[in-house]
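Listed below are the residues making up each chain.
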Amino acid sequence: MAARSSRRRAETTPESPPGVEINGEQRDGAPSGEKGMSGADIQIAICGSAGDGTIAAGDILRNAVAEAGYKVISFDVYPPEIRGFGKCISRLRITTDQAYSLKERSDVLLSLDDSHTIPHVGEVRDFGAVICEAKPVGHLAEGEHLSAHILPGQIPYSLPIRELSEKATGGNRSRNIVALGYVAGLCDLPKAPFLRIIESKFKKQGPKVIANNAAGFGAGYEAGCQTFKLDDVHFAPPARALQPGAKVTILNGNHAVARGCLDARLTTFFGYPITPATTIMERLATELPRHGGRLLQTEDEISAIAAVIGAGYAGSRSATSTSGPGLALMGEMLGLGTIAEVPAVVFVSQRGGPSTGMPTKTEQSDLNAALYGSHGDSQRIVIAPTNVEGCYRCAGKAFEMAERYQTPVIVLLDLYLSNRYETVELSASGPPFELDANVHAKRLKPGEVYQRYVLTDDWVSPRAIPGDPGCMHVITGLEHNALGRPNDSEEMHELMSRKRHEKLQGALRHPDFTHVKRFGDAGKVEVGILAWGSTFGECLEAMIMARAEGIRCSAMKVVMLSPLPEAEIRAFLDDCGAVLVPELNYEGQFAQLVQGRLARPVTRLTRVPGGPMPVAAILAEIRRLAGRC
Amino acid sequence: MLMEKPVYVDEKLREVLSSGRLEYRSKALPTWCPGCGYFAIVEGVTAALNDMKIPMDQAVVLSGIGCSSRFPFFVNTYGFHTLHGRVLPVATGTKVANESLMVIAVGGDGDGFAIGGGHLSHAAKRNVDITYLLFDNGVYGLTKGQTSPLSAQGFKTTTSPYENPDQPLNPLMMMLSYGASWVGQAYAGRPDHLKEMIAQAIAHRGFSYLHILSPCVTFDKTNKTYVNLGMIVRDLPPNHDPTHRMVAMAQAEQADAPALGLFYQESRPTLGDNLNSLIAKAGGDASAKPDRRKGE
Ligand SMILES: Cc1ncc(C[n+]2csc(CCOP(=O)(O)OP(=O)(O)O)c2C)c(N)n1
Ligand code: SF4
């Protein structure tokens, strides 16, 4: 009990300690270090059966509160089956300043189907609200109604959802919207943004559907406003002022990737569907032709990456997206991209493996495959965003890097990041990406022969592409000399292996990119957390709680995983009494990478729950390492 | 019967020299075994490109892996020597990226019909506007003489030392049924006809498949040799109608007497046309240049 209440305090205590950061900002105009959690912080969970409109209600809610000026992070859980009455949960954490992960405990739980919701009652915090149908149809046996399961300390609200829906709309199809209105009224949220979102969401279905849903929402909202509030569930006035001209949007990781691709002027995309990467391709299938680009669904992932390499060779900005099984098929072609020095961008959204594993669950177990999955010394660039805005930036930056260093770039996401929604502030000053990083060959002098792999100071050779006058050359997967002619002499293979290694080191200084970043206490700390990918949000939350408990603690995210920014990581490790590496795979792939490169001890925290890393597990390890348990 | 005009070496050399086609040969000497049928194909391609006045810097020759796939090194165009079996998807990417390029894909029978077999049907049905030259020697040359899916049944190789238990595929029937919009066959032992066919295949707008019978003098002494092929190849009947797929199929079925010439040709929208019409449907601008350069 004591531990729980102190955690709650840690979540809501306003604090803005001096942050330490390295390599500049990731978010434009954001204050340095982690942001204090002042203002609103409320988590709403909506649980129902497929067909209840659970996810749709969550979608309206997150868009409406974003429009009202709040920050949102949200993650939906779908049933693995396509049909039937599986469980759907939409969880949204709504805050004044952007939060880094969902909370373990929700403040409000809305049930659209009691049988599915009952097992989740325990996730509602003390004095949190549990909302359910007051007048269920038919007879319920004892224990089938949610009210029988509410825990002492939780506050039940019941509402005749069906009746209200029927009264307002003449049918019960708007139950989810009525209930959503109730939550909005109960939490003192402004009504107008909801009505605007409802209007745009149902535009296609015509004015009658819009009117019905608006009426349903209004009925629920009224009921919510009139309810006597015992509880502290309410919102503080929202919203920090936006940067002038900036626009707030709600995006999930995959949509952010698609947006980044378009803003970086992607021209061709080749892909093969696979969960959880498919929505990148689907979004681009709609958007890319609108921008004059071309997208082709290929016969398999081998063909997809092959076409990307073929298009990259011809000078196109080209990409594909896949998950672990597809990445395995792409391995050979990525090796060709490395030796032939062809730009290519591969978005990999990880899921539980190996093989078909847990295709609808998240995991971070394809790091080794991304770093090494090919043959020979196939050096490449691997970057992993830690949040939705990072997905946008990494997507755009991946094209810059692929072209500047002439090599395949893998952007590693996972299901949790691909599918979670966050409010993203897009800058007004246009896309922050270089649209041409091709490093071109100069026009040749008469009689001069173009050398595709000529050695230069930065080991990057000026590139010519088919169609360039007079620069005819052959690129190849055979070891070759500066002209691209096959040459397998000892000296040549040493030299060219070095070239391919050295040119990538430039990526460690790639401009306007956050390679690593440190948050929390500066200087010496008791515990340092070193993390990558989507798990970093949970790490930050745990770090904030640990600091609130008086533990000196900081966290470093590593966005660039290959080449590894060893100097920055080493400097961080120097400051840490103990180092914790939390990640969602069984053997600790990132910990192995860090230990192998830096020969320093680290403590692994590996979990494979199929969902996000529990913040409590990270916090418990921090306490243990700090000697506070 | 008229006597054929004799060919004199010095006259022939002078003719080649003055034709301009040597410009299309690279400075690299082919690495093939003397007598390999592939020499005739490099001659045919360079002569066809020269006759058609295709600018070298607008042409891209891509290949897979194999003896045959060394081809791009010997022509003076843009080239990409890719992976075993993957030339078609790479070439598709190149063509989608830049429609204005003239794209030729080359590879061996193992490259195309074994490891790369999964891509054939898709490249053909998409009608991607490239020319695919398949060099059929019925054996794996580069890896020194193993069985290929086009090897004859009973053929003895290092991996089928007693005999090849499999019957060969019929590549022409496959390509016809996959929907290739141009299907033809040529023989390395008939270089002039070969050149003609290459030129036609290049000129066709859409996916053209040219099957080229080409002896491997080193690893096949019994099957697709010059002597054997010379005895069994025939011309397509003079009245062959290349607009009828079923007629072409009937000719292709006679694998024991390979016919040379154009089996089938149809005109239909290419992959590029179809992608452009998607862009138009979406309200985009298809002429948006893939090239993002700011100029020199
Ligand atoms: C993935 C892969 N598997 C196997 C090989 C080995 N290999 C190279 S060429 C070749 C076969 C070549 O035969 P073919 O395609 O008929 O061409 P040819 O050499 O006869 O011209 C094989 C098996 C390879 N390079 N890559
Ligand atoms: S091994 Fe056969 S196919 Fe290869 S170059 Fe020699 S003759 Fe030609």
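This structure is a prediction, so every number in the text was calculated from the model and none was measured.

About the criteria used
- Throughout, residues of each chain are indexed from 1 in the direction in which the sequence is written.
- Chains carry letters from A onward and ligands carry numbers from 1 onward, assigned in written order.
- Per-residue local features of the predicted model are confined to residues with pLDDT of at least 70, and side-chain atom pairs are confined, for both listing and counting, to 80 or more; whole-chain, interface and lining totals are unaffected and use all residues.
- In computing side-chain properties, one takes all heavy atoms of the structure into account and sets aside hydrogens as well as water.
- Helix numbers and strand numbers start at the N terminus; a helix is a DSSP run of H or I with at least 4 residues, a strand a run of E with at least 2.
- Our radius of gyration looks at C-alpha atoms and nothing else; its globule reference is 2.2 Å times the residue count to the power 0.38.
- Residue burial is assigned from relative accessible area. The probe radius is 1.4 Å, only protein chains are included, and a residue is buried under 20% of its type maximum, exposed over 50%, and partly exposed in between.
- Contacts were defined at the residue level, with two residues in contact if any of their heavy atoms lie within 4.5 Å.
- Surface exposure here means Shrake-Rupley accessible area, sampled with a 1.4 Å probe, where a residue is shielded only by the protein chains that are shown.
- When charges are counted, Lys and Arg are positive and Asp and Glu negative, with His and the chain ends excluded.
- Charge placement uses NZ in Lys and CZ in Arg. For Asp and Glu, CG and CD serve respectively.
- For the domains described, the bounds stem from an automatic or database domain assignment.
- Simply put, the buried area is the total loss of 1.4 Å probe accessible area from both parts when two parts are fitted together.
- Salt-bridge detection follows one rule: a side-chain nitrogen of Lys or Arg within 4 Å of a carboxyl oxygen of Asp or Glu.
- In this text, near means that some heavy atom of the residue lies within 4 Å of the molecule or strand in question.
- The definition of a polar contact used here is a pair of N or O atoms within 3.5 Å, where within protein one atom must be able to donate a hydrogen and the other to accept one, and adjacent residues in sequence count solely through side-chain atom pairs.
- Throughout, nonpolar core names a set of buried Ala, Val, Leu, Ile, Met, Phe, Trp, Tyr and Cys residues whose side chains join them through atoms within 4.5 Å.
- Every axis in this analysis is a line fitted to C-alpha atoms, fitted for helices over the stretch in contact. Angles between the N-to-C directions lie between 0 and 180 degrees.
- In these notes the angle categories are as follows: under 35 degrees is roughly parallel, over 145 is roughly antiparallel, 65 to 115 is roughly perpendicular, and the rest is oblique.
- Each crossing gets its hand from how the near helix is turned against the far one by less than a right angle, where anticlockwise is left-handed and clockwise is right-handed.
- Note: pLDDT gives the predictor's confidence per residue, expressed from 0 to 100.

Colleague: How should I be thinking about the overall build of chain A in this particular structure?
Modeller: Across its full length, chain A holds 19 helices and 21 strands. In terms of overall size, chain A behaves like a compact globule, its C-alpha atoms giving a radius of gyration of 26 Å where 629 residues would be expected to give roughly 25 Å. Summarising its shape, the C-alpha atoms of chain A cover approximately 85 × 60 × 45 Å along the three principal directions. Within chain A, buried positions represent 61% of all 629 residues. In chain A, of all internal contacts separated by at least 6 residues, the share reaching a separation of at least 24 is 76%. Accessible surface computed for chain A: about 23,000 Å², of which carbon and sulfur atoms make up 53%. In chain A, 67 positive and 71 negative side-chain charges are present, and the distance between their average locations comes to 3 Å.

Colleague: For this particular structure, what's the right way to read the domain arrangement of chain A?
Modeller: Here the domain parsing of chain A yields domain 1 (20-225), domain 2 (248-427) and domain 3 (516-625). Distance between the C-alpha centres of domain 1 of chain A and domain 3 of chain A: 33 Å.

Colleague: Mind showing me how you'd approach the interface of chain A and chain B here?
Modeller: Frequently, the measure chosen for interface size is the accessible area removed from exposure when the parts meet. Each partner contributes to the interface: chain A provides 57 residues, whereas chain B provides 46 residues. Across the chain A/chain B interface, buried area totals approximately 4,200 Å², and carbon plus sulfur atoms make up 61% of it. Sorting the residues of chain A by area buried against chain B places Arg294, Glu299 and Met472 of chain A first, and these three jointly supply 17% of that buried surface. Across the chain A-chain B interface, the total number found is 1 salt bridge.

Colleague: Explain the site of ligand 1 here, please?
Modeller: Of all residues adjacent to ligand 1, which total 18 residues, the nearest are Tyr38, Cys67, Ser68, Asp111 and Gly141 of chain B. One chain alone does not account for the residues near ligand 1; they come from chains A and B. At 3.0 Å from an oxygen atom of ligand 1 is found a side-chain nitrogen or oxygen belonging to Asn137 of chain B. Coverage of ligand 1 by the protein chains reaches 77% of its 590 Å² of free accessible surface.

Colleague: Just to check I follow, could you spell out the nonpolar core for this structure?
Modeller: In summary, soluble globular proteins display a tendency toward joint burial of nonpolar side chains. Core analysis: the biggest nonpolar cluster contains 134 residues, and Leu412, Leu530, Leu561 and Phe590 of chain A together with Phe71, Phe80 and Phe207 of chain B have the highest contact counts within it. The element contributing the most residues to this core is helix H10 (residues 301-313) of chain A, with 8 residues. Excluding residues that lie within four positions of it along the chain, Leu561 of chain A makes contacts with Leu367, Leu371, Val382, Ala384, Leu412, Trp532, Phe590 and Leu593 of chain A. Among the nonpolar cores identified, the runner-up in size contains 45 residues, and Val65, Leu112, Ile210 and Phe235 of chain A belong to it.

Colleague: How should the side chain of Asp129 of chain B be read in this particular structure?
Modeller: Residue and element names in this part refer to chain B. With respect to the helices and strands, Asp129 occurs in the loop between helix H5 (117-126) and strand S4 (131-136). A distance of 2.9 Å separates the side chain of Asp129 from the backbone nitrogen of Gly206, its partner in a polar contact. Once residues within four sequence positions are removed from consideration, Asp129 is found in contact with Lys95, His204, Arg205, Gly206, Phe207 and Thr270.

Colleague: Sorry, what's going on with the packing of H10 of chain A against helix H11 (residues 324-340) of chain A here?
Modeller: When two helices pack together, their arrangement is given by the angle between their axes and by how far apart the axes lie. Residues and elements named next belong to chain A. Contact pair H10 / H11: the axes reach a minimum separation of 8 Å and the direction vectors enclose 30°. Relative to H11, H10 is oriented roughly parallel. In the packing of H10 onto H11, the handedness of the crossing is right-handed. Every residue of H11 that contacts H10 at Glu301, Ile302, Ile305, Ala306 and Ile309 is listed here: Gly326, Leu329, Met330, Met333, Leu334 and Gly337.

Colleague: Honestly, the confidence of the model for chain B in this entry has me stumped. Any pointers?
Modeller: Note that predicted coordinates carrying low pLDDT should not be read in detail. All names here are of chain B. For chain B, per-residue confidence averages 95 on the pLDDT scale, and residues scoring 70 or more make up 96% of the total. A low-confidence stretch, residues 290-296 stays under pLDDT 50, and its non-local contacts, those more than four residues away or across chains, total 19 contacts. Reported for the predicted complex are a pTM of 0.93 and an ipTM of 0.96.

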